[in-house]
Amino acid sequence: MTGTAAPLFAGTSLNARDRKIEWLVRALLGLMTALLILPVVIIMALLVVEGGPVISWEFLTTPPVDGMTAGGILPALVGTVWLVVVALIASVPVGVAAAVYLSEYAPDNWLTRAINLAIINLAGVPSIVHALFGVGAFVLFFRFGTSILAASLTLAVMTLPVVIVSTRESLQAVPRAFREACWNMGATRWQTIRRIVLPNALSGILTGIILEVSRTSGETAPIMFTGAAFFLPFLPQGVLDQTMAMSLHLFVITTQVPDAPEALPFGVALVLISMVLAMNALSIAFRVYVRGRKKW
Amino acid sequence: MNPQALARSRDFDHRGRAWYADRAVTVFVFIGGTSAILFIGGIFAFIAREGLGFVFTEFDAGEFFGSIAWRPTSALDATYGALALIVGTASITGLAMVVSIPFSLAAAVFIGEFARGRVRETLKVLVELLAAIPSVVWGFIGFSIMNSLIIDIFDVPIGLNVLNAGIILGLMAAPIMTTIAEDALKAVPDGYREAAEALGATRWQVIRKVVIPAAKNGLVAAVLLGVGRGFGETMVVLMASGHSINLPDSVFDSVRALTATIAAELGETAVGSDHFRALFTLGILLFLVTFAINLAADIIMRGIRRKGERGRP
């Protein structure tokens, strides 16, 4: 037993080469990941630097004036809230019902596969095609005219998959044993869902709804022709009124108002993206919190 | 049936309020569940309702797919050649994929296989936030930031071109592709990795020889969904591509996309006019192509799911 024997698990030179390659690949992939994320961080910083000075209490609470070259964004902010709220009222019940069906009732047959395919396609159809649908169906066929109602219903159809998918996931995360215990007590399917499944999945459903708010408030194309107006300095009074919206307002003052001061669109973009990202961050934080205190 | 037997059968009939509530809910959630099919069918029906009227009258396939003359507003001789729009969409989407496929697959492998713990969670959250940025904000970035950057760097007269829209669209499609690709990598059973590691493979060897081949279908589906996303994107191509009818010679030429044409012109057309219906015809084309892409991605995905089930003990 002298010290000359080679250690059993020492790497050969070949191993060393493999390790080096792995290290290089890892560095390269990490670099590419950083390159993917970095531009966005820079862009955000730019938005804050350029748009930050524009934002004030007055900016948020006054309507635009002088051909939208000055003033604030109040009607657009209020309009976006209207659009989102009406869209939620329409899509959340349908979306949750669909998710309950898919998670609790649906057998594994052609119909369920067709539903799943339809959901994927609803999410994948271009937003401008949703806009055409909104014009053809809600504006013209159902005669809602260009109104908050037509625009919100278009948005509701478009964001339905967000609610369905996230709700279904959270329903399926409830352990099957919970349901079985309840059935064994003689409860009906619905009693089980209402008393056991939905309460345990509630936080996940809320996460999905917040995510939908974030999606809905940023959409532009679907509302362009269904209910959002270029310029309307009044606040909407009901669902049959037209309204301004943050997303369309950003488009309009960027491309259609050439003499708007350069910082103004940055300010609008900053407010819009802050709204969307705040909602998204809230939903992520909520998810992490829920995951942390899950009981099973 | 005698009265006694009737009474006895009532004793066994448990159809109380709960039973009827259960029935009602079953019907309600079934309607909700099938609503997705109803909506996708409705979308096609309503677009076809406006668009097919055009397809069967004014429509000339040779002109539509072969001519670049999109002159719907010409009073005397309106022509509807969509070739330049199709090429515009294809060139922007193509460049976007060149930008985003390598980066998103790299990011997916890095996040899914190399990154651990806090780094991984942070990257995932960042990618998710990236995906949340509204398209109009991306369009704005293209219009006001990328535009001047491209003019300065490449010394060209216009910065609103294929390059601009392609890069922005690539950045926009990347987070979605990354997320789906990472899911595909995650779906590869850990047993595969452990088996390879037990044979002495380094982590990169495991990824290259085991994980990526096993996740191949999911990765293809991720790329397909990214293509579908880029193909259908509207605001970015409207704001960043220059919006001029043109067959591009280089990435510095302005082009015009199918989606952007609808977005720019729908507001100015009379309801029911040829021009209005021609725009819905473009909508039919967009709908069918994205439907085909999504269907293909779904079939490929289902392929792996089924294989996964068979492989399970």
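Residues numbered from 1 in each chain as written. Chains lettered and ligands numbered in written order. Predicted model: local features only at pLDDT ≥ 70, side-chain atom pairs only at ≥ 80, totals over all residues. Heavy atoms only, no water.

**Q** Tell me what's going on with the overall build of chain B, and back it up with residues and numbers.
**A** Of regular secondary structure, chain B possesses 13 helices and two strands. Relative to the 2.2 N^0.38 estimate, which gives 20 Å for 313 residues, the radius of gyration of chain B is 26 Å and therefore markedly larger than a compact globule would have. For chain B, the spread of C-alpha atoms along the principal axes amounts to about 90 × 65 × 35 Å. Summarising the internal contacts of chain B: among those between residues at least 6 apart in sequence, 69% fall at separations of at least 24. For chain B, the distance from the average position of its 26 positive side-chain charges to the average position of its 26 negative side-chain charges is 14 Å. (Helix = DSSP H or I, 4+ residues; strand = E, 2+ residues; numbered from the N terminus. Rg over C-alpha atoms; globule rule 2.2 N^0.38 Å. Contact = heavy atoms within 4.5 Å. Lys, Arg positive; Asp, Glu negative; His and termini not counted. Charge placed at Lys NZ, Arg CZ, Asp CG, Glu CD.)

**Q** Outline the overall build of chain A, listing residues and values.
**A** Tallying secondary structure elements over chain A gives 11 helices and two strands in all. For chain A, the α and β elements follow one another from N to C terminus as α-α-β-β-α-α-α-α-α-α-α-α-α. Over its C-alpha atoms chain A spans a radius of gyration of 26 Å, topping by over 25% the 19 Å that the globule rule assigns to 296 residues. Each principal axis of the C-alpha atoms in chain A carries an extent, and together these give about 95 × 60 × 35 Å. Within the span of chain A, comprising 296 residues, buried residues form 51% of the whole. Relative to all contacts within chain A whose residues are 6 or more apart in sequence, the contacts with residues 24 or more apart total 74%. Total accessible area computed for chain A in this model is approximately 13,800 Å², and 67% of it derives from carbon and sulfur atoms. (Buried < 20%, exposed > 50% of the residue type's maximum accessible area, 1.4 Å probe, protein only. Areas by Shrake-Rupley, 256 points an atom, 1.4 Å probe, with all protein chains shown as cover.)

**Q** How would you sum up the side chain of B:Ser100? Please name residues and give values.
**A** Position of B:Ser100 among the secondary structure elements: in helix 4 (residues 83–114). With relative accessibility at 1%, the residue B:Ser100 sits in the buried group.

**Q** Describe the interface of chain A and chain B, with residues and values.
**A** Chain A puts 78 residues into the contact, and the matching count from chain B is 80 residues. Connecting chain A to chain B are one salt bridge. Notably, a salt bridge pairs A:Arg287 with B:Glu128, separated by 3.2 Å at the nearest N-O pair. The tally of links from chain A across to chain B stands at six residue pairs in polar contact (both at pLDDT 80 or more). Here the side of chain A that touches chain B takes 19 residues from helix 1 (residues 13–51) of chain A, the largest share from any one element. When grouped by side-chain class, the residues that make up the side of chain A that touches chain B number 54 nonpolar, 16 polar and eight charged. (Salt bridge = Lys/Arg side-chain N within 4 Å of Asp/Glu carboxyl O. Polar contact = N/O pair within 3.5 Å; in protein donor to acceptor, adjacent residues only side chain to side chain. Nonpolar A, V, L, I, M, F, W, Y, C, P; charged D, E, K, R; others polar.)

**Q** Could you give an account of the side chain of B:Thr79, naming the residues involved and the relevant values?
**A** As for its position among the elements, B:Thr79 is in strand 2 (residues 79–80). The class for B:Thr79 is buried, based on a relative accessible area of 10%.

**Q** Lay out the domain arrangement of chain B with the relevant residues and their values.
**A** The parts lose accessible area when they come together, and the size of an interface is often stated as this lost area. Residues and elements named next belong to chain B. The domains assigned to chain B are domain 1 (3–57) and domain 2 (70–310). Residue-level contacts link 13 residues of domain 1 with 11 residues of domain 2. For the pair domain 1 and domain 2, the two sides together bury roughly 980 Å², of which 83% comes from carbon and sulfur. Our enumeration of links across domain 1 and domain 2 arrives at zero salt bridges. There are one residue pair in polar contact (both at pLDDT 80 or more) connecting domain 1 and domain 2. Taken together, the residues of the side of domain 1 that touches domain 2 sort by class into nine nonpolar, three polar and one charged. (Domains from an automatic or database assignment. Buried area = accessible area lost by both parts, 1.4 Å probe.)

**Q** So what's going on with the pattern of salt bridges? Residues and values would help.
**A** Residues and elements named next belong to chain A. All told, the structure shown has 13 salt bridges over all chains when counted by the stated rule. Ionic pairing is found between Arg179 and Glu104, a salt bridge with its closest N-O pair at 2.7 Å. Remark: Glu104 occurs in helix 3 (residues 74–105) and Arg179 occurs in helix 7 (residues 176–184); sequence separation between them is 75 residues. A relative accessible area of 7% places Arg179 in the buried class.

**Q** Can you lay out the packing of aromatic side chains for me, pointing to particular residues and giving the numbers?
**A** Taken as a whole and assessed by the stated rule, the structure comprises 18 aromatic pairs over all chains. Where B:Phe154 meets B:Phe252, the ring centres are 5.1 Å apart and the plane angle is 55 degrees; that geometry is what we call tilted. One end of the pair, B:Phe154, is in helix 6 (residues 135–154); the other, B:Phe252, is in the loop between helix 11 (235–240) and helix 12 (258–265), with 98 residues separating them in the sequence. Through a chain of ring-to-ring contacts, three or more aromatic side chains come together here, namely A:Phe133, A:Phe138, A:Phe141, A:Phe142, A:Phe144 and B:Phe46. The ring centre of A:Tyr105 lies 5.3 Å from the NZ or CZ of A:Arg189, which sits over that ring. (Phe/Tyr/Trp six-rings, centres within 6.5 Å; stacked < 30°, edge-to-face > 60°. Lys NZ or Arg CZ within 6 Å of the ring centre and 35° of its normal.)

**Q** Lay out the nonpolar core in plain terms, naming residues and giving numbers.
**A** One broad rule of soluble globular proteins: the nonpolar side chains tend to lie buried together. Core analysis: the largest hydrophobic core is formed by 173 residues, its most contacted members being A:Ile128, A:Phe251, B:Ile43, B:Val137, B:Trp138 and B:Leu282. Among the elements that take part in this core, helix 3 of chain A stands out by supplying 16 residues, more than any other. The residues that make up this core include at least three from each of domain 1 (3–57) and domain 2 (70–310) of chain B. Sequence-distant contacts of B:Trp138, defined by excluding residues within four places in its chain, comprise A:Val40, A:Ile43, B:Leu130, B:Ile133, B:Ile168, B:Leu171, B:Met172 and B:Val236. (Core = buried A, V, L, I, M, F, W, Y, C linked by side-chain atoms within 4.5 Å.)

**Q** Which residues make up the environment of A:Val174, and what values do they have?
**A** All names here are of chain A. Tracing the chain through its elements places Val174 in the loop between helix 6 (148–172) and helix 7. With a relative accessible area of 1%, Val174 lands in the buried category. Between the C-alpha atom of Val174 and that of Pro199, which follows or precedes it by 25 residues, the distance is 9.8 Å.

**Q** Please provide a residue-by-residue account of the packing of helix 4 of chain B against helix 9 (residues 203–214) of chain B, values included.
**A** Residues and elements named next belong to chain B. Closest axis-to-axis distance for the helix 4/helix 9 pair is 12 Å, and the angle between their directions is 110 degrees. One way to sum up the angle between helix 4 and helix 9 is to call them roughly perpendicular. Both helix 4 and helix 9 take part in a crossing whose hand is right-handed. The segment helix 4 lies against helix 9, with Val109, Glu113 and Phe114 engaging Arg203, Ile207, Val211 and Ile212. Tallied by class, residues from the contact of helix 4 with helix 9 come to five nonpolar, no polar and two charged. (Axes fitted to C-alpha atoms, helices over the stretch in contact; angles between N-to-C directions. Parallel < 35°, antiparallel > 145°, perpendicular 65-115°, else oblique. Left-handed = near helix turned anticlockwise from the far one by under 90°.)

**Q** Requested: an account of the environment of A:Thr220, with residues and values cited.
**A** Relative to the helices and strands, A:Thr220 is located in the loop between helix 8 (189–218) and helix 9 (221–224). Spatially, the C-alpha atoms of A:Thr220 and A:Gly124 are 16 Å apart, while their sequence positions differ by 96 residues. Setting aside chain neighbours within four positions, we find A:Thr220 in contact with A:Ser247, A:Leu248, B:Val136 and B:Met235.

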